[in-house]
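Chains, contacts and geometry: an overview
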Amino acid sequence: MLTILSAAIAPALALLTFFYLKDRLEPEPLSMVLRTFLYGALLVFPIMFIQYAMKAEGISTHPIVYSFFTVGFMEEFFKWFVFLYTAFRHTEMDSVYDGIIYGVSISLGFATVENVLYLFAHGVDYAFTRALFPVSSHALFGVLMGYYLGRAKFGSYHPRLRIFAAMLIPFLLHGLYDYILLIVTFNWIYVLVPFMIILWIIGLRKVRAAIQHPIEQIQTTK
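Residues numbered from 1 in each chain as written. Predicted model: local features only at pLDDT ≥ 70, side-chain atom pairs only at ≥ 80, totals over all residues. Heavy atoms only, no water.

So, about the side chain of S137. Assignment of secondary structure puts S137 in helix 5 (residues 127-154). Beyond its immediate stretch of four places on either side in the chain, S137 contacts Y177, M196 and L199. (Helix = DSSP H or I, 4+ residues; strand = E, 2+ residues; numbered from the N terminus. Contact = heavy atoms within 4.5 Å.)

Moving on to the packing of helix 6 (residues 159-183) against helix 7 (residues 189-212). Two numbers describe how helix 6 lies on helix 7: the axes approach to 10 Å, and their chain directions differ by 165 degrees. When the axes of helix 6 and helix 7 are compared, the pair comes out roughly antiparallel. You can see that helix 6 and helix 7 cross each other, and the crossing is left-handed. Note on element contacts: helix 7 touches helix 6 through V191, L192, F195, M196 and L199, opposite L173, L176, Y177, I180 and L181. When grouped by side-chain class, the residues that make up the contact of helix 6 with helix 7 number 10 nonpolar, no polar and no charged. (Axes fitted to C-alpha atoms, helices over the stretch in contact; angles between N-to-C directions. Parallel < 35°, antiparallel > 145°, perpendicular 65-115°, else oblique. Left-handed = near helix turned anticlockwise from the far one by under 90°. Nonpolar A, V, L, I, M, F, W, Y, C, P; charged D, E, K, R; others polar.)

According to the stated counting rule, one finds two salt bridges in the structure shown. Residue K79 pairs with E76 through a salt bridge whose shortest N-O separation is 3.0 Å. Placement of the pair is K79 and E76 together in helix 3 (residues 63-85), with a separation of three residues, close to one helical turn. (Salt bridge = Lys/Arg side-chain N within 4 Å of Asp/Glu carboxyl O.)

Quick look at a nonpolar patch on the surface now. Taken together, the side chains of L181, W188, I189, Y190, V191, V193, I197 and I201 present a nonpolar region at the surface, about 700 Å² in accessible area. If you tally residues by element for the nonpolar patch, the top one is helix 7, at six residues. Its place among the elements puts W188 in the loop between helix 6 and helix 7. (Patch = residues over 30% accessible without salt bridge, like charges linked within 9 Å, V, L, I, M, F, W, Y side chains within 5 Å. Areas by Shrake-Rupley, 256 points an atom, 1.4 Å probe, with all protein chains shown as cover.)

What follows is about the environment of M32. With respect to the helices and strands, the residue M32 is situated in helix 2 (residues 30-56). Remark: the alpha-carbon pair of M32 and S136, spanning 104 residues in sequence, is separated by 22 Å. Not counting chain neighbours up to four residues away, the residues in contact with M32 comprise A87, H90 and Y102.

Turning next to helix 3. An ideal rise of 1.5 Å per residue puts 33 Å on 23 residues; helix 3 measures up with 31 Å between its terminal C-alpha atoms. At F73, helix 3 is deflected by roughly 35 degrees, the largest bend along its length. All of the buried residues along helix 3 are S67, T70, V71, G72, M74, E75, E76, K79, W80, V82, F83 and L84. The inward-facing, buried residues of helix 3 abut helix 2, helix 4 (96-122), helix 5 and helix 6. (Expected span 1.5 Å × (residues − 1). Bend = angle between axes of the 7 residues up to and from the residue. Buried < 20%, exposed > 50% of the residue type's maximum accessible area, 1.4 Å probe, protein only.)

Take the nonpolar core next. F19, F83, I100, L108, L149, F195 and L199 are the most contacted members of the largest nonpolar core, which totals 56 residues. It is helix 5 that provides the largest number of residues to this core, a total of 12 residues. If we skip the residues at most four places from it in the chain, L149 touches W80, F83, L84, F88, M93, I163 and A166. Of all hydrophobic cores here, the second largest spans six residues; its members include I4, A7, L119 and A127. (Core = buried A, V, L, I, M, F, W, Y, C linked by side-chain atoms within 4.5 Å.)

Another point: helix 2. Between the first and last C-alpha of helix 2 there are 40 Å, a value that for 27 residues agrees with the 39 Å anticipated at 1.5 Å per step. At V44, helix 2 shows its maximal bend, which comes to roughly 25 degrees, and the proline P46 appears one to four places after that position. Where helix 2 ends, the next residue or the one after it, G58, has phi of about 75 degrees, a positive value.

This part covers the layout of surface pockets. Of the pockets and cavities examined, the largest pocket occupies roughly 1000 Å³. Lining of the largest pocket is provided by 33 residues; of these, Y66, E114, Y118, R130 and D178 occupy positions nearest its centre. At the level of elements, helix 2, helix 3, helix 4, helix 5 and helix 6 are the ones that each hand at least two residues to the lining of the largest pocket. Partitioned by chemical class, the residues of the lining of the largest pocket number 19 nonpolar, nine polar and five charged. Quantified by volume, the second largest pocket comes out at close to 210 Å³. (1 Å grid on protein atoms, 1.4 Å probe; cavity = no way out; pocket = protein on both sides within 12 Å on 5 of 7 lines; lining within 4 Å. Points joined across faces, edges and corners; volume = space filled by probe spheres on them.)

Geometric descriptors of this kind do not, in isolation, establish any biological role.
Below is the structure:
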């Protein structure tokens with residue numbers, strides 16, 4: 001049991017530490033980061049219930065509906081909603097990169113509980129691939145969500161559009177991720193690895209942009 005818990009939790013903690021330590025100017029209070037992490041963790045249970053109910057009713061049988069709506073939209077919408085009504089309104093979020101920290105924290109809270117449940121059900125042998133793909137992808141969806149919400153809060157250029165983009169972009173990417181897993185049943189790794197590489201490149205570019213333009217210059221950053 002301890003082995004499974006360690007294998008399930010370690011990737012999320014490593015990724016959260018990686019993004020947290022990049023904030024060298026004014027790191028966020030650990031209490032606030034932990035709080036948002038717990039918000040994300042608690043989201044797993046109501047979302048799993050809704051997904052189970054939809055599957056039982058035969059609503060999400062088509063691969064596109066399941067990937068983009070039942071999984072992608074449901075998970076990213078609720079993470080986005082929690083972000084908007086917690087960290088986004090908090091005074092501790094005082095730069096664009098803070099948005100990334102809280103987006104990653106909420107997403108990794110969700111991914112951690114999901115990973116614990118999966119490894120208990122299927123065994124620790126899946127821990128490595130789970131760390132490389134589902135946990136990492138959740139973190140990167142959080143990067144994108146937090147980046148656009150940070151730009152919405154600290155930039156004057158179409159804040160409502162950016163708030164919408166903070167939900168839309170992770171939702172579409174998340175849906176595409178799950179669609180790949182459903183459709184590509186043979187040699188899926190040859191499709192998913194390039195997808196993850198591109199996702200990491202996009203995510204790290206957003207991280208760099210947020211660090212270089214924390215508040216003032218964000219208004220001129222497209």
